[in-house]
Amino acid sequence: MDKVLYSKPSMGELEFEFALDALHNGWGSNCYDYIIEFEKAFCLHLDVPFTVATSSCTGALQLGLAGMGIGPGDEIILAETNWIATVAPIIHLGATPIFVDIDPFNWCINPSMVEKAITNKTRAIIATHLYGNLCDMDYLLNIGHKYNIPIIEDAAQAIGSVWKGKKAGSMGKFGTFSFHGSKTISTGEGGMFVTSDPDLFESVLTLSNHGRCKKEKRQFWPKFIGYKFKMSNLQAAIGCAQLKRIDELVSRKREILSTYREKLCVSDRIKMNPDIPETINGAWMPTIVFGTKTGVSREILLNAFRASNIDARPFFYPLSSLPMFDKKPENIHAWSIPDRAINLPSYHDMTSQDINRVCSTLNQIFKKFINK
Ligand SMILES: *Cc1c(COP(=O)(O)O)cnc(C)c1O
């Protein structure tokens, strides 16, 4: 039996065509053509005026925070449940991350906890749309408005997610996306910075290009020390093709999530990614969470998946449980959910047999722990 992978990009004819074209022609005076096209197409897709293609989402986050002037003494509030990529740029800039608990309903940052964590040092709140689930953006944007603190969206996992007609990543001070091989659209590695703020856009553009201003006439004349977090033309060629297929790629993700839901949500002690009225869940990573009293643990799930030759991907560990941070077990949901949850495989080309294999592995667990 082949291994069922947890994720894998879908690369079609168009991706090959554009990549080959970039290889043949995308040099010299054409070396930015696909980058410019990808940035423009992303603006249209997201309905935002400014985008900067980057080498990664982590880089995009660091550029945005640096562009806002975040540094030592500043506090940034984010969810305790996050990939390390969301917090690393904060640390690199010398600022202090403040971890708050998640809501057990959508596994995203809990806005009332955010409000309690605000101090006179708070400079930003990062909303990570976990696994495609949307943060409560009305509540967060209200808090931002009330305290005059910018909301940043880490939308790395949320391409295709829509909050009341607005696409994830387009609602905050800035948003970031990832095109890592595990994400819904992929350029191998890559990311995107997006904003509606012209000044922040200018700062980030300059920072992303070694501190060289676009208006500067002299070649090799940086104004200050910046970063080199640019996407290559070759990656952007693949990105252009992927973005043309975005509707197809996202609807397949949503189809896989709803298939899992039909087959697996057999008890109210089993929860999967929610669908909230007036929103669309981009369904990046279907995830199953068992109730506290079921006795189902991460280890039981990981072992069962391994035995069936299915890629086992654990739910994110709470950041403060990692060796470099001070533990905050009072963030009870962030500390408890990963102990009884697992991400399920979902990629464009997975077959219904693959999905059935995942479901029958879980059904064996249901027999022992849920329907006993
Ligand atoms: C994948 C991911 C990132 C990092 O993306 P890279 O492109 O690998 O830097 C950041 N934040 C979240 C929430 C992610 O899922």
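Read on for an overview of the structure. Small disclaimer: the values here were computed from a predicted structure and weren't measured. (Residues numbered from 1 in each chain as written. Predicted model: local features only at pLDDT ≥ 70, side-chain atom pairs only at ≥ 80, totals over all residues. Heavy atoms only, no water.)

1. Topic: the overall build of the protein
The helix and strand tally for the protein stands at twelve helices and 14 strands. Across the 372 residues of the protein, 56% fall into the buried class. Sequence-distant contacts in the protein: of pairs separated by 6 or more residues, those separated by 24 or more amount to 70%. Split by element, the accessible area of the protein, about 16600 Å² in all, is 55% carbon and sulfur. Taken together, the 40 basic and 38 acidic charged side chains of the protein have centroids lying 3 Å from each other. (Helix = DSSP H or I, 4+ residues; strand = E, 2+ residues; numbered from the N terminus. Buried < 20%, exposed > 50% of the residue type's maximum accessible area, 1.4 Å probe, protein only. Contact = heavy atoms within 4.5 Å. Areas by Shrake-Rupley, 256 points an atom, 1.4 Å probe, with all protein chains shown as cover. Lys, Arg positive; Asp, Glu negative; His and termini not counted. Charge placed at Lys NZ, Arg CZ, Asp CG, Glu CD.)

2. Overview of the site of the ligand
The full set close to the ligand counts 13 residues, and Thr-58, Asp-154, Gln-157, Ser-178 and Lys-183 are the nearest of them. Here an oxygen atom of the ligand sits 2.5 Å away from a polar atom, N or O, in the side chain of Thr-58. Within the side chain of Lys-183, one N or O atom sits 3.1 Å away from an oxygen atom of the ligand. Burial of the ligand by the protein chains amounts to 92% of its free accessible area of 380 Å². For the shell around the ligand, the secondary structure elements donating two or more residues are helix H3 (57-67) and helix H4 (84-92). Looking at the shell around the ligand residue by residue, the class counts come to four nonpolar, seven polar and two charged. (Near = heavy atom within 4 Å. Polar contact = N/O pair within 3.5 Å; in protein donor to acceptor, adjacent residues only side chain to side chain. Nonpolar A, V, L, I, M, F, W, Y, C, P; charged D, E, K, R; others polar.)

3. Description of the environment of Phe-224
Within the element layout of this structure, Phe-224 appears in the loop between helix H7 (198-207) and helix H8 (233-244). Classification of Phe-224 as partly exposed rests on a relative accessible area of 38%. Taking C-alpha positions, Phe-224 is 43 Å from Asn-343, a pair spaced 119 residues apart along the chain. Phe-224 has contacts with Thr-206, Leu-207, His-210 and Gly-211, leaving out every residue within four places of it along the chain.

4. Focus on the sheet that holds strand E13 (residues 313-314)
Two orientations exist for strands paired in a sheet by backbone hydrogen bonds: parallel and antiparallel. Taken in spatial order, the four strands of this open sheet run E10-E12-E14-E13, and their pairing is antiparallel. Looking at the sheet topology across the chains shown, the edges are occupied by strand E10 (270-272) and E13. Across three bridges, the pairing between E10 and strand E12 (residues 287-290) is antiparallel. Directly across from Met-272, in E12, lies its bridge partner Ile-288. Running over the sheet, helix H9 (residues 246-264) touches E10 and E12 and is turned about 170° from E10. (Pairing = 2+ DSSP bridges. Axes fitted to C-alpha atoms, helices over the stretch in contact; angles between N-to-C directions.)

5. A word on the packing of H3 against H4
Two elements in contact, H3 and H4, have axes separated by 9 Å at closest approach and are oriented at 40°. Comparing their axes, H4 and H3 come out oblique. Regarding H3 and H4, the two cross each other, and that crossing is right-handed. Between H3 and H4, the contacting residues are Thr-58, Leu-61, Gln-62 and Leu-65 on the first element and Ala-85, Thr-86, Pro-89, Ile-90 and His-92 on the second. Counted by class, the contact of H3 with H4 contains five nonpolar, four polar and no charged residues. (Parallel < 35°, antiparallel > 145°, perpendicular 65-115°, else oblique. Left-handed = near helix turned anticlockwise from the far one by under 90°.)

6. Points about the state of the cysteines
In the structure shown here, the tally under the stated rule is zero disulfides. The thiol sulfur of Cys-57 is not disulfide-bonded, and the nearest other cysteine sulfur, from Cys-135, lies at 13 Å. The class of Cys-57 is buried, set by a relative accessible area of 7%. Free cysteine Cys-359: the closest other cysteine sulfur is in Cys-265, separated by 10 Å. For Cys-359, a relative accessible area of 4% translates into the label buried. (Disulfide = S-S within 2.5 Å.)

7. Regarding the pairing of strand E4 (residues 122-128)
Counting buried positions along E4 gives six out of seven residues, so the element sits mostly inside the fold. With three bridges connecting them, strand E2 (residues 75-79) and E4 associate as parallel partners. Pairing of Glu-75 across the sheet is with Thr-122, part of E4. With four bridges joining them, E4 and strand E5 (residues 151-154) adopt parallel strand pairing. Opposite Ala-127, over in E5, you have Glu-153 as the bridge partner.

8. Digging into the packing of aromatic side chains
Applying the stated criterion across every chain, the model contains 16 aromatic pairs. Note on Trp-83 and Phe-316: the rings are 6.2 Å apart at their centroids and 25° apart in plane angle, and the pair reads as stacked. Taken together, the residues span a long stretch of sequence, with Trp-83 in the loop between E2 and H4 and Phe-316 in the loop between E13 and helix H11 (332-336) at a distance of 233 residues. When the centroid spacing of 5.8 Å and the interplanar angle of 80° are considered together, the rings of Trp-107 and Phe-315 count as edge-to-face. Here Trp-107 is found in the loop between strand E3 (96-100) and helix H5 (111-117), whereas its partner Phe-315 is found in the loop between E13 and H11, with 208 residues between them in sequence. You can call Trp-107 buried: its relative accessible area is 2%. On the accessibility criterion, Phe-315 (0% relative accessible area) is buried. Three or more aromatic residues joined by ring pairs form one cluster here, namely Trp-83, Trp-107, Tyr-131, Trp-284, Phe-315 and Phe-316. Here the guanidinium or amino end of Lys-183 rests over the ring plane of Trp-284, the centre of that ring lying 5.4 Å away. Note that Arg-218 overlies the ring of Trp-221, its terminal NZ or CZ placed 4.1 Å from the centroid. (Phe/Tyr/Trp six-rings, centres within 6.5 Å; stacked < 30°, edge-to-face > 60°. Lys NZ or Arg CZ within 6 Å of the ring centre and 35° of its normal.)

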